[in-house]
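One-letter residues, chain by chain:
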Amino acid sequence: MLQAQAARLENYPILQEKIRQHLEETRRQAILIRGCIERHGSSPSGLKDTGGKLMAMLQGLGGSLMADEVIKGSMASYAFEHFEVSAYVALIATAEFCGDIQTRDVCAQILEEEKAMAKWLAQALPETVGLFLTRDSTETGSAKR
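Reference entry: report on the structure contained in this document. Bear in mind that the values here come from a model prediction, so they are computed numbers and not experimental data.

**Remarks on helix H4 (residues 69–98)**
Then, number 1: Over its 30 residues, H4 extends 42 Å from the first C-alpha to the last, a length consistent with the 44 Å expected when each residue adds 1.5 Å.
Then, number 2: For H4, the complete set of buried residues consists of Glu 69, Val 70, Ile 71, Gly 73, Ser 74, Ser 77, Glu 81, Glu 84, Val 85, Tyr 88, Ile 92 and Ala 95.
Then, number 3: Count one or two residues on from H4 and you reach Gly 99, which has phi positive near 75°.

**Re the nonpolar core**
Then, number 1: Counting residues in hydrophobic clusters, the biggest one holds 12 residues: Leu 2, Ala 6, Leu 9, Tyr 12, Leu 15, Ile 19, Leu 23, Val 70, Ile 71, Met 117, Leu 121 and Phe 132.
Then, number 2: If you list the elements that add at least two residues to this core, you get helix H1 (2–7), helix H2 (13–39), H4 and helix H5 (101–140).
Then, number 3: Beyond its immediate sequence surroundings of up to four residues, Leu 121 is in contact with Leu 15, Ser 77, Tyr 78 and Glu 81.
Then, number 4: Counting residues in hydrophobic clusters, the runner-up holds nine residues, among them Ile 33, Cys 36, Cys 107 and Ile 110.

Rules used in this analysis
- Here the residue numbering is sequential within each chain, running from 1 through the sequence in written order.
- The model is predicted, so local features are restricted to residues of pLDDT at least 70 and side-chain atom pairs to those at 80 or more, both for listing and for counting; the totals for chains, interfaces and linings are taken over all residues.
- For side-chain calculations, the full set of non-hydrogen atoms in the structure is used, while hydrogens and water are omitted.
- We count a stretch as a helix when DSSP gives it H or I for four or more residues in a row; a strand needs E for two or more, and each element gets its number in order from the N terminus.
- A helix is expected to span 1.5 Å for every residue after the first.
- Each residue is placed in one exposure class: buried if its accessible area under a 1.4 Å probe, protein chains only, is under 20% of its type's maximum, exposed if it is over 50%, and partly exposed if it falls in between.
- Only buried Ala, Val, Leu, Ile, Met, Phe, Trp, Tyr and Cys residues count toward a nonpolar core, and they belong to the same one when joined by side-chain atoms within 4.5 Å.
- Here a residue-residue contact requires only that any non-hydrogen atoms of the pair lie within 4.5 Å.

Structure follows, in structure tokens:
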């Protein structure tokens, strides 16, 4: 989802760069989480991974059809960051309950990164909306209100 979104943000270079940075952060997080899962003798679910990729592809395709994709994408990203925050809070509680300090620490580190991205998205949203409205009014010739 992040990759598809970043590819279409050429008119929003600050947002595009932040999304690309978070994509790299997310890839690193996936490696860390995979290590936690494998340490317990298991592996990530291939079916869930494939399903997640399919949903991200469909979301990216659907988003590209909307004129205000950058706004809806920013809002969806903000909401998804909060979903991730809640997931890591739950994982931390689970790891603590099980006495898995290593997994707790990995999840705590990732939790802070997700909170930081959510905060950044919230702070950037007004500027993103302003840029979109300015571009939209210039492209369509409609007057600002």
